[in-house]
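# Observations on chain architecture
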Number of protein chains: 2
Amino acid sequence: MNIILLSGGSGKRLWPLSNDVRSKQFIKLFKDENGEYESMVQRVYRQINTADANAKITIATSKSQTSAIKNQLGEKVSICVEPCRRDTFPAIVLSAAYLHDEMGVHEDEAVVVCPVDPYVDNTYYEAISILKELAEAGTAKLTLLGIEPTYPSEKYGYIIPESDENISDVREFKEKPDAKTAEKYLAQNALWNAGIFAFKLGYLLKKAHSMIEFDDYRDLFAKYGTLTKISFDYAVAEKEPSIQVLRYRGDWKDVGTWNMMAEVMADATKGWTVLDETCENTNVVNELNIPILCMGCKDLVVAASGDGILVSDKERSGYMKPFVETIETEARYAEKSWGSYTVIDAEPGSMTVKLSMKAGEHLSYHMHNYREEVWTVVSGKGKAVVDGMEQMLRTGDVIMIAAGCKHTVEALSDLDIIEVQLGDEISISDKIKFPLD
Amino acid sequence: MNIILLSGGSGKRLWPLSNDVRSKQFIKLFKDENGEYESMVQRVYRQINTADANAKITIATSKSQTSAIKNQLGEKVSICVEPCRRDTFPAIVLSAAYLHDEMGVHEDEAVVVCPVDPYVDNTYYEAISILKELAEAGTAKLTLLGIEPTYPSEKYGYIIPESDENISDVREFKEKPDAKTAEKYLAQNALWNAGIFAFKLGYLLKKAHSMIEFDDYRDLFAKYGTLTKISFDYAVAEKEPSIQVLRYRGDWKDVGTWNMMAEVMADATKGWTVLDETCENTNVVNELNIPILCMGCKDLVVAASGDGILVSDKERSGYMKPFVETIETEARYAEKSWGSYTVIDAEPGSMTVKLSMKAGEHLSYHMHNYREEVWTVVSGKGKAVVDGMEQMLRTGDVIMIAAGCKHTVEALSDLDIIEVQLGDEISISDKIKFPLD
């Protein structure tokens, strides 16, 4: 089974745990069968592999997410990187071209496109296997998964089927309705559109070539920035006459807000938290290394990271986006392929950062034009290279890296470094990479 | 007017802003006439000086508070340091001996003892001036201030007066009662005991010599650790037959809990906070350099410092003490005579601290046996001395201080240093001070 997982958006609705560099699908609030914390992308990846051990999964995502994806799923994961964001139709076409031209997938093979963010049980991926079989059988050009609605939601698009059978032709699509209209849809056996599409690879490529002029994957990649932003629903699904839908009755939760996340997170609290006995229906996630004490809290979600602290009534938490946008901080925590990066102090002219590197990982060989850095090793061993000179690093070692000086470090064990950045123009964009000879 | 201000206790009830080294009276949540933030001790000191520009104030406190007091009130403030905590009777006797033997206050002069923590308006200190006059007139041995109760509280001791006159003899004292008993007291014109005592200095010294064997202030200081812990109320007030009380009808608030603090703090929020329009009756104090976003919060107090984060229903906040005791962190923020000290990272084997020094201040000349330190200057200028060698420090300079190496720094301007401490046994007790030649 070929699966394209769409790993999108930066998600401000799970602030402060999600930010511009850490999308919600990387937050580890779930648990796997061994009781280890896992993120949404890890959970989905595991669930697909459980449903089909031979599934070939390609993750369609932006460059900014590739470190986190490799970090969480391993170096071998197949990633189709979008050069820039262009909505779902271009993203799916790029992935389809990637499967065909780079991975050698045949045009007759079925492909299933899935978003990465629903919280579902394993039966969902069994339904997706059926979707793939339906696509292969070719009774319709496009096969969708429709979620049986639990209430007349205004948040989702609706699929109106011809019948209430498990598999039905699609009569029409409806955009997000108001509650009253949604009730009418429910009376017509309507289904929520889960954003899942199954088709034969050839079908989509033909469709794509009819709408976009391109030769192959590499050509499309090169001109990706010139493509029109358009969703797959709008570009393809709503215009296609031959569509069928598979009805899914299992659990399905969209964990795009703290209110929903609170319902499905593995434990009511994570991190260093103390709740008194009068707290009710309160979830706390604490990524800071200081304690959170909650007393008499009712229906609250409290979340703290290096980016900030949220204290919100659960119902209200869905409305946070405009407020988060006013806050506009640079991300203070970032998951990297080599470990993590946490800003621990910032003032005009300096920024102090803790680098926590995993054994065996290394930074790129790079330099900064406008800042010097002082590294103090607080634990572990490493090998630094500074302007071509190798130097072993152990706990307590200090190195000073002048502006314009190329440098890197390889972690020989887990390695923690306190990095003091000094300069009037400290910016993540002040970084020039070099090959390491 | 001679005033002894009792600046006591470490106060866990305003956690995380109060801790073992920062008592609640040093938290700056009030404002002076110029709109500058001020602490309770600053406010009380200012109010006394407003009521009587010639007031001679001596602060009775422990060694751990002297830095914060000098920092907030200036170097010239008169402080009587208790070598250890021995409750209010020994503390008042030590201060009385200090006034007599070190400050030359005559035995016929009146002394007024005040706690440092009530939130009051200026009329309170006018009442204290009257108290002093009553003590000087000598119509009673001991003169108290009684607060006219606003409700039958179970939190205070009660004074039962002979009459409802403004000035009355005291019939008896009552310990903290239950609410029903408190109502009976109110029917007898009872007053809350504000913990204020006025007397002639000679009266108290005579009383003290009858109960404690000591020659003078220095002798008492030397044997202070051997004294029995006992409150002034119990040791003196409840046994004295000649007591009068002055009735005080003005504002008087005991800001010992967040619930009360929220009522009197100058602004509903302090620090980097964003509240949505659905928050009601919510106070937020944020000392961290990351934002706090509150949405849909009702009747909450949110307080964040380097020590931790509190999210509490206002009513419940009075019950935090046992929970704070379970948290048991070392204080991560300390106000020092020279500026402030903030732990920004801690892991086994290292601790990273930000030192923010005020221009003109200096650290003691000291060394550590079990840790080395790496200082990186992130802003300002200073003069370091390391094992007797002077060295100028500017932004970007780094010095390494080995274990056993004596060191200090003087801030030539406001000076910020990131200090990485390295060692297996990092402890504030690992510090040996030396005179600087």
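Structure: see above.
Residues numbered from 1 in each chain as written. Chains lettered and ligands numbered in written order. Predicted model: local features only at pLDDT ≥ 70, side-chain atom pairs only at ≥ 80, totals over all residues. Heavy atoms only, no water.

## Here's the deal with the sheet that holds strand β15 (residues 273-275) of chain A
As a general point, the strands of a sheet are linked pairwise by backbone hydrogen bonds and lie either parallel or antiparallel. Read from one edge to the other, the open sheet built from six strands follows the order β15(A)-β17(A)-β19(B)-β18(B)-β16(B)-β14(B), with strand pairing classed as mixed. Strand pairing shows two members of the sheet lacking a second neighbour, β15 of chain A together with β14 (269-270) of chain B, which therefore form its edges. Pairing geometry for strand β16 (residues 283-286) of chain B and strand β18 (residues 300-305) of chain B, over four bridges, is parallel. Its bridge partner being in β18(B), V284(B) is matched across the sheet by V302(B). (Pairing = 2+ DSSP bridges. Helix = DSSP H or I, 4+ residues; strand = E, 2+ residues; numbered from the N terminus.)

## Let's talk about the interface of chain B and chain A
In this complex, chain B contributes 57 residues to the contact, which on the side of chain A involves 57 residues. Summed over both sides, the interface of chain B with chain A buries roughly 4,400 Å², with 67% coming from carbon and sulfur. When the buried surface of chain B facing chain A is broken down by residue, L293(B), M295(B) and I309(B) rank first, second and third, together holding 16% of it. Inspection of the region where chain B meets chain A yields eight salt bridges. For R316(A), the salt bridge is made with D276(B), and the minimal N-O distance between the two is 2.9 Å. At the junction of chain B and chain A, the tally comes to 20 residue pairs in polar contact (both at pLDDT 80 or more). Residue composition of the side of chain B that touches chain A, by class: 32 nonpolar, 14 polar and eleven charged. Relative to strand β17 (residues 292-295) of chain B, strand β19 (residues 308-313) of chain A is paired through four bridges, and the arrangement is parallel. Bridge pairing in β17(B) places V311(A) opposite C294(B). (Contact = heavy atoms within 4.5 Å. Buried area = accessible area lost by both parts, 1.4 Å probe. Salt bridge = Lys/Arg side-chain N within 4 Å of Asp/Glu carboxyl O. Polar contact = N/O pair within 3.5 Å; in protein donor to acceptor, adjacent residues only side chain to side chain. Nonpolar A, V, L, I, M, F, W, Y, C, P; charged D, E, K, R; others polar.)

## Regarding the side chain of S153(B)
Residue and element names in this part refer to chain B. Looking at the element boundaries, S153 is found in the loop between β8 (142-147) and β9 (158-161). By relative accessible area, which is 1% here, S153 ends up buried. Among the polar contacts made by the side chain of S153, one reaches the main-chain amide nitrogen of K155 at a distance of 2.9 Å. Leave out the neighbours within four places in its chain, and S153 touches Y158, P177, A182 and W192. (Buried < 20%, exposed > 50% of the residue type's maximum accessible area, 1.4 Å probe, protein only.)

## Details of the packing of aromatic side chains
The tally for this structure, following the rule as stated, stands at 26 aromatic pairs over all chains. Aromatic pair Y124(A) and Y125(A): ring centres 4.9 Å apart, planes at 80°, arrangement edge-to-face. Note on accessibility: Y124(A) and Y125(A) belong to one class, buried. Summarising the aromatic geometry, the rings of Y124(B) and Y248(B) are spaced 5.3 Å apart at their centres and angled 80° between planes, so their arrangement reads as edge-to-face. On the criterion of sequence distance, the pair formed by Y124(B) in helix α4 (residues 123-137) and Y248(B) in strand β12 (residues 243-248) is long-range, its members being 124 residues apart. For Y124(B), a relative accessible area of 0% puts it in the buried group. Connected via pairs of aromatic rings, a cluster forms that spans F89(A), F197(A), F199(A) and F232(A). Across the ring face of F30(B), the terminal group of R43(B) is positioned such that the distance to the ring centre comes to 5.9 Å. (Phe/Tyr/Trp six-rings, centres within 6.5 Å; stacked < 30°, edge-to-face > 60°. Lys NZ or Arg CZ within 6 Å of the ring centre and 35° of its normal.)

## Brief notes about the relation of the copies chain B and chain A
Screw-axis analysis of chain B against chain A gives a translation of 0.0 Å along the axis, an RMSD of 0.1 Å, and a rotation angle of 180°. Such values leave the two copies arranged in the relation of a two-fold axis. Of every C-alpha in chain B, the one belonging to I344(B) sits nearest the axis of rotation, 3.0 Å from it. Of all interface residues in chain B, 100% are interface residues in chain A too; the two copies therefore contact each other through one and the same surface. (Least-squares fit on C-alpha atoms with pLDDT ≥ 70 in both.)

## So, the pairing of β18(B)
All names here are of chain B. Burial analysis of β18 places six of its six residues in the buried class, the great majority of the element. Of the two faces of β18, the one holding L300, V302 and A304 and the one holding V301, A303 and S305 are both buried throughout. With six bridges connecting them, β18 and strand β19 (residues 308-313) associate as antiparallel partners. The residue bridging A304 from the neighbouring strand is I309, located in β19. The turn joining β18 and β19, which pair antiparallel and follow one another in sequence, is formed by two residues.

## Quick word on the pattern of salt bridges
Summed over all chains, the structure comprises 43 salt bridges over all chains. With its nearest N and O atoms 3.1 Å apart, the salt bridge here joins D219(B) to K223(B). Assessed through its relative accessible area of 26%, K223(B) is described here as partly exposed. If you follow the salt bridges from partner to partner, you end up with E33(A), E38(A) and R46(A) in one network.

## Observations regarding the nonpolar core
Counting 65 residues, the largest nonpolar core has L293(A), Y124(B) and W258(B) as the members making the most contacts within it. When residues in this core are grouped by element, the largest group, six residues, is from α4(B). The contacts of W258(B), once residues within four sequence positions are left out, are R13(B), L14(B), W15(B), L17(B), L29(B), V285(B), V301(B), A303(B), L310(B), S317(B) and M320(B). Counting residues in hydrophobic clusters, the runner-up holds 64 residues, among them V77(A), A190(A), A198(A) and V255(A). (Core = buried A, V, L, I, M, F, W, Y, C linked by side-chain atoms within 4.5 Å.)

## Let's talk about the pairing of β19(A)
Within β19(A), six of the six residues are buried, which leaves it mostly tucked inside the rest of the structure. Burial along β19(A) is two-sided: G308(A), L310(A) and S312(A) facing one way and I309(A), V311(A) and D313(A) facing the other are all buried.

## Side note on the state of the cysteines
By the definition in use, this model includes zero disulfides over all chains. Looking at the unpaired C114(A), the closest cysteine sulfur is the one in C80(A), lying at 15 Å. What makes C114(A) buried here is its relative accessible area of 1%. C84(B) forms no disulfide, and the closest cysteine sulfur to it belongs to C80(B), at a distance of 12 Å. (Disulfide = S-S within 2.5 Å.)

## Observations concerning the environment of E172(B)
Residues and elements named next belong to chain B. Tracing the chain through its elements places E172 in strand β10 (residues 167-174). When the C-alpha atoms of E172 and Y234 are compared, they prove to be 12 Å apart, with 62 residues separating the residues in sequence. In this structure E172 touches Y158, I159 and I160, once residues within four positions along its chain are discounted. Within the structure, E172 has its side chain in polar contact with the side chain of K174 (distance 3.4 Å).

## Brief notes about the environment of S356(B)
Residues and elements named next belong to chain B. The topology assignment puts S356 in strand β22 (residues 350-357). With 69 residues separating them along the chain, S356 and E287 place their C-alpha atoms 15 Å apart. Here D416 takes part through its side chain, which lies 3.1 Å from a polar atom of the side chain of S356.

## Notes on the sheet that holds β19(A)
Within the open sheet, the six strands sit side by side as β14(A)-β16(A)-β18(A)-β19(A)-β17(B)-β15(B). Their pairing is mixed. The open sheet terminates on both sides in strands that have one partner only, identified here as β14 (269-270) of chain A together with β15 (273-275) of chain B. Inspection of the sheet shows β15(B) paired to β17(B) by three bridges, in the parallel sense. Bridge pairing in β17(B) links T273(B) to I292(B).

That's the geometry; what it means functionally is another story.
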